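Fold and geometry: a report
For reference, the chains in residue letters:
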Amino acid sequence: MIRAAHRWPGLAALVLVLLLALSGAALSVFPAAERLASPQAPAGQSVADLAALVAASHPGLEQIRRAPSGRITAWWFDGGTPGSAVIDPATGADVALADPNRVERWLTGLHRSLFLGDAGRLAMAAGAAALLVLAGSGAALVARRAGGWRRWFAPLRGPLAGRLHVEIARLAMPGLVLSALTALWMTASTFGLLPDGAADPARTAAASGLTGLPLTQIEALRQTPVASLRDLGFPLAGDPQDVFTLHSDQGSALIDQGTGAVLGWSRPGAWQQVSGIIAMLHTGRGAAVLGLILGLMALSVPVLGATGALVWASGRRGRIRGNDPAARAATVILVGSEGGSTWGFAATLAQALREAGESVHVAPMSGFDPTRHAGARRYLILAATYGAGGAPASARGFLDRLARLKSAPQAPFALLGFGDRSFPAYCAYSDAIEAAARAKGWAMLLPSGSVDRQSPQDFARWGAALGAALGLPLTLAHQPQPPRTEALTLIRRRDHGAEVQAPTAILRFALPRAGLWARLTGQGFARFQAGDLLGILPEGSDVPRFYSLASGARDGFVEIVVRKYPGGLASGQLLALNPGEKVRAFLRRNPGFQPARDRAGLILIGAGTGIGPLAGFIRANGRRRPIHLVFGFRHPDSDFLYRDELAGWQREGRLSRLTTAVSRGARPHYVQDALRLQAAELAESIARGARIMVCGGREMARGVAEALEEILAPVGLSPALLKAEGRYAEDVY
């Protein structure tokens, strides 16, 4: 419902909204330009002083008007000839013609009414209403994607177009809402729908019939500062019954031209004051800086339109066909996906259920709301795990929504987790879902299942168990879309480890050329960082193997560290490569193993090929943040990977300290032993805010965690606590 409310007003009123935004953005420049170009009144100058200066050099003066920008304009009629000019309030002299800016006048006519009079005003009001609906529904969608209103500025993930759309919306939303609301108010005022009309005050006394009192002796004008003047009307020459008419921020007055007595007075009503503030907020007149800010926010509309169209087109391509209405579907499939592959499994499941005669509705987990599914007899949750156990992009806020329910949904659920067993947080998010559901008392249809690395066999086995629980003949035959790969050409290799029976190589590949669109959207190898993963599809297997990158896109090459494992298909093929030969590969982001962007110190701990991403982090440390590397290897003459580079990075200040742990030789020890030898120093550094990143084998990582548990206990910390704070990250295999 919210997506429909966001989509259709934008499509229906696209042209009007764009005209409103672009013309409004252009008009926002004029108040600031007028402010800069207009001479300002001296501090403390009164209307009496200003009027006297202007009247002295302008016979037949009829009116003086002050714009919100501070510009003073005078009109006169002398000897049958009208005149007008912008006035320097300090001297009363003319400084410019008072003719309106033609470009501004044209833009104003376009912005207000499309040059179509009242019909055009109503059309543009409809555009403002559409913009308001877009902003309101967009805000709700942003909150849903971020995981709640309190997480409005939470980091985003997913395709560039979607992230850009949301990031711009976060910043521009307040300005767009303000512009739309004030536009609707001003339209209502124009058509007389608001009681905010201003009128001259009624006379409470008759004019004296006298004339000629000097302007500087009229008390009401002396008491009114120029800064609050709106306009001053002069009495008609030769008419002793006519009066001065003064409009200021304080109110309106009728002033006797011969005695200076106030013959009538009225203060602006509440409606008038509010309408004045609304006009200032909408036009920027009187608030030039605010006007420029709103103009910049208005420029976001065409960008939001373009990125929104890309998001919509992407959604159309990935849409589940034949989706039944949410309120009538007996089976509701909720999908938590990061890169989109889980949606493919959901489509296969939905199609199989429909072929078995079931009505099915498929939706993202982020929109979970049992009240929308009145006919639901079961929920099927397909949830991938992001990073170190977090919610994927389309599941943001699911656990919070579940926790806020007063009671569990009446319909039971089944749960299928998606992950990669090579990562320690395998299906950790689906485990968290199951724990939360059990705590809420939500009944399960069958024990939860898992799919390892998009295995069709795992999915089919779970489908058979689900079919048995439902009493349906359910066969799930799903073939995941293979990743799109690119050819990488090996340009250099450095071999190590043969002497210790652990053949290892640092492989450097040429960076593939990326087209303009890839560079703009960050697709393929156009944008990556050390710590991201390089997926290799070895010949003879459809299951990719992943290697942590030791380089980023800015380094201009793709580098990994590979050790030969007995019978290893991918490692064997990689270590058989010679410079000039190619391998098919693709990228997978790994944001759960990236250094934070702050200046806090880093303690990098790795062994063997685990040095790869850690070396990449050090290489990229152009800001010279403090980095302490603890690196374990077998023998310094055989597998001391990156020995020369590490020495160079130390000289450059990219690496603050290097500690090595050699497991073979006269005094063999491991990285956990090296940590214990520096326990006091490490504990102090971590207590001051240093972050820990560990990369290498599982046994090494377990030993490091045990050592740090001992080291940190005296300062009241632990690896578990640091992980909860986002200060301890692992990439283990």
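Up top is the structure.
Notes on the structure in this doc start here. (Residues numbered from 1 in each chain as written. Predicted model: local features only at pLDDT ≥ 70, side-chain atom pairs only at ≥ 80, totals over all residues. Heavy atoms only, no water.)

Focus: the packing of aromatic side chains
Pairs of aromatic rings are described using the distance from one ring centre to the other and the angle between the two planes. Throughout the structure, instances matching the rule amount to 17 aromatic pairs. Between F345 and F418, the aromatic rings sit 4.9 Å apart at their centres with planes inclined by 55°, giving tilted as the arrangement. Residue F345 is found in helix α12 (residues 341–355), and its partner F418 is found in strand β12 (residues 413–419); the two are separated by 73 residues along the sequence. On the basis of relative accessible area, F418 is assigned to the buried category, the value being 6%. Feature note: the residues F368, Y379, F398, F413 and W442 constitute an aromatic cluster, connected by ring pairs. (Phe/Tyr/Trp six-rings, centres within 6.5 Å; stacked < 30°, edge-to-face > 60°. Helix = DSSP H or I, 4+ residues; strand = E, 2+ residues; numbered from the N terminus. Buried < 20%, exposed > 50% of the residue type's maximum accessible area, 1.4 Å probe, protein only.)

Examining the sheet that holds strand β23 (residues 691–696)
With parallel pairing, five strands are arranged side by side in an open sheet as β22-β21-β20-β23-β24. The outermost strands of the open sheet, each flanked by one partner alone, are β22 (657–662) and β24 (728–732). Averaged over all pairs of adjacent strands, the angle between strand axes in this sheet comes to 10°, irrespective of strand direction. As paired elements, strand β20 (residues 602–607) and strand β21 (residues 627–633) share six bridges and run parallel to each other. (Pairing = 2+ DSSP bridges. Axes fitted to C-alpha atoms, helices over the stretch in contact; angles between N-to-C directions.)

Structural notes on helix α19 (residues 643–652)
Within the span of α19, buried status applies to E645, L646, G648 and W649. All buried residues of α19 lie within an arc of 165° about the axis, which places them on one face of the element. Exposed residues pointing more than 90 degrees away from the buried face of α19 are listed as D644 and R651. The secondary structure elements touched by the buried residues of α19 are β14 (486–496), α18 (611–619), β21 and β22. One or two steps after α19, the chain reaches G653, where phi turns positive at roughly 85°. (Arc of directions from axis to C-beta. Contact = heavy atoms within 4.5 Å.)

Remarks on the environment of L655
The residue L655 is located in the loop between α19 and β22 in this model. With 30 residues separating them along the chain, L655 and R625 place their C-alpha atoms 8.3 Å apart. Beyond its immediate chain neighbours, meaning those up to four positions away, L655 contacts I618, I627, L629, L646, W649 and Q650.

Quick word on the environment of R121
Within the secondary structure, R121 is located in helix α6 (residues 117–146). Sequence-wise, R121 and F234 are 113 residues apart; in three dimensions their C-alpha atoms are separated by 34 Å. Apart from the residues lying within four places of it in its own chain, the contact partners of R121 are R112, S113, T187, T190 and F191.

Points about the pattern of salt bridges
Summed over all chains, the structure comprises 28 salt bridges. Between D249 and R230 there is a salt bridge; the shortest N-O distance is 3.1 Å. Note that D249 is positioned in the loop between β6 (243–248) and β7 (252–256) and R230 in strand β5 (residues 229–233), a separation of 19 residues in sequence. With relative accessibility at 41%, the residue D249 sits in the partly exposed group. Linking E681 and R657 is a salt bridge whose minimum nitrogen-to-oxygen distance equals 2.3 Å. Remark: R657 occurs in strand β22 and E681 occurs in helix α21 (residues 679–687); sequence separation between them is 24 residues. The class of E681 is partly exposed, set by a relative accessible area of 41%. (Salt bridge = Lys/Arg side-chain N within 4 Å of Asp/Glu carboxyl O.)

Thoughts on a nonpolar patch on the surface
On the surface, a cluster of nonpolar side chains totalling about 290 Å² of accessible area is made up of L22, L296 and L299. Note on placement: L299 falls in the loop between α10 (288–298) and α11 (300–317). (Patch = residues over 30% accessible without salt bridge, like charges linked within 9 Å, V, L, I, M, F, W, Y side chains within 5 Å. Areas by Shrake-Rupley, 256 points an atom, 1.4 Å probe, with all protein chains shown as cover.)

Some points on the sheet that holds strand β11 (residues 378–384)
Working definition: the strands of a sheet are paired by backbone hydrogen bonds and lie parallel or antiparallel to each other. As summarised here, the arrangement of the five strands in space is β10-β9-β11-β12-β13, forming an open sheet in which the pairing is parallel. Strands at the two margins of the open sheet, each flanked by one partner only, are β10 (360–364) and β13 (449–452). Going from strand to strand, the sheet's axes swing by 20° on average, the running direction of each strand aside. Alignment of β11 against β12, held across six bridges, turns out to be parallel. By the bridge assignment, A384 is partnered in β12 with F418.

What to know about the packing of α12 against helix α15 (residues 456–470)
The relative placement of two packed helices is expressed as an angle between their axes plus a distance between the axes. Contact geometry for α12 and α15: axes closest at 12 Å, N-to-C directions at 35°. For the crossing formed where α12 meets α15, the hand is right-handed. On the side of α12, the interface is formed by F345, T348, L349 and L353, while α15 contributes F459, W462, L466 and L470. The residue inventory of the contact of α12 with α15, partitioned by class, reads seven nonpolar, one polar and no charged. (Left-handed = near helix turned anticlockwise from the far one by under 90°. Nonpolar A, V, L, I, M, F, W, Y, C, P; charged D, E, K, R; others polar.)

Quick word on the packing of helix α2 (residues 14–27) against helix α3 (residues 29–37)
Between α2 and α3, whose axes approach to 4 Å, the crossing angle comes to 5°. Taken together, α2 and α3 sit at an angle that is classed as roughly parallel. Note on element contacts: α3 touches α2 through V29, F30 and P31, opposite A25, A26 and L27. In the contact of α2 with α3, the residues fall into six nonpolar, no polar and no charged. (Parallel < 35°, antiparallel > 145°, perpendicular 65-115°, else oblique.)

A look at the side chain of Q672
If you trace the backbone, Q672 turns up in helix α20 (residues 671–677). By relative accessible area, which is 19% here, Q672 ends up buried. Discounting chain neighbours no more than four positions away, the residues touching Q672 are G703, V704 and A707.

Considerations on unusual backbone geometry
Positive phi is not limited to glycine here, since R453 has a value of about 50°. Among the structural elements, R453 can be located in the loop between β13 and α15. For Q454, which is not glycine, the phi torsion reads 60° and is therefore positive. The residue Q454 is located in the loop between β13 and α15 in this model. On the basis of relative accessible area, Q454 is assigned to the partly exposed category, the value being 28%.

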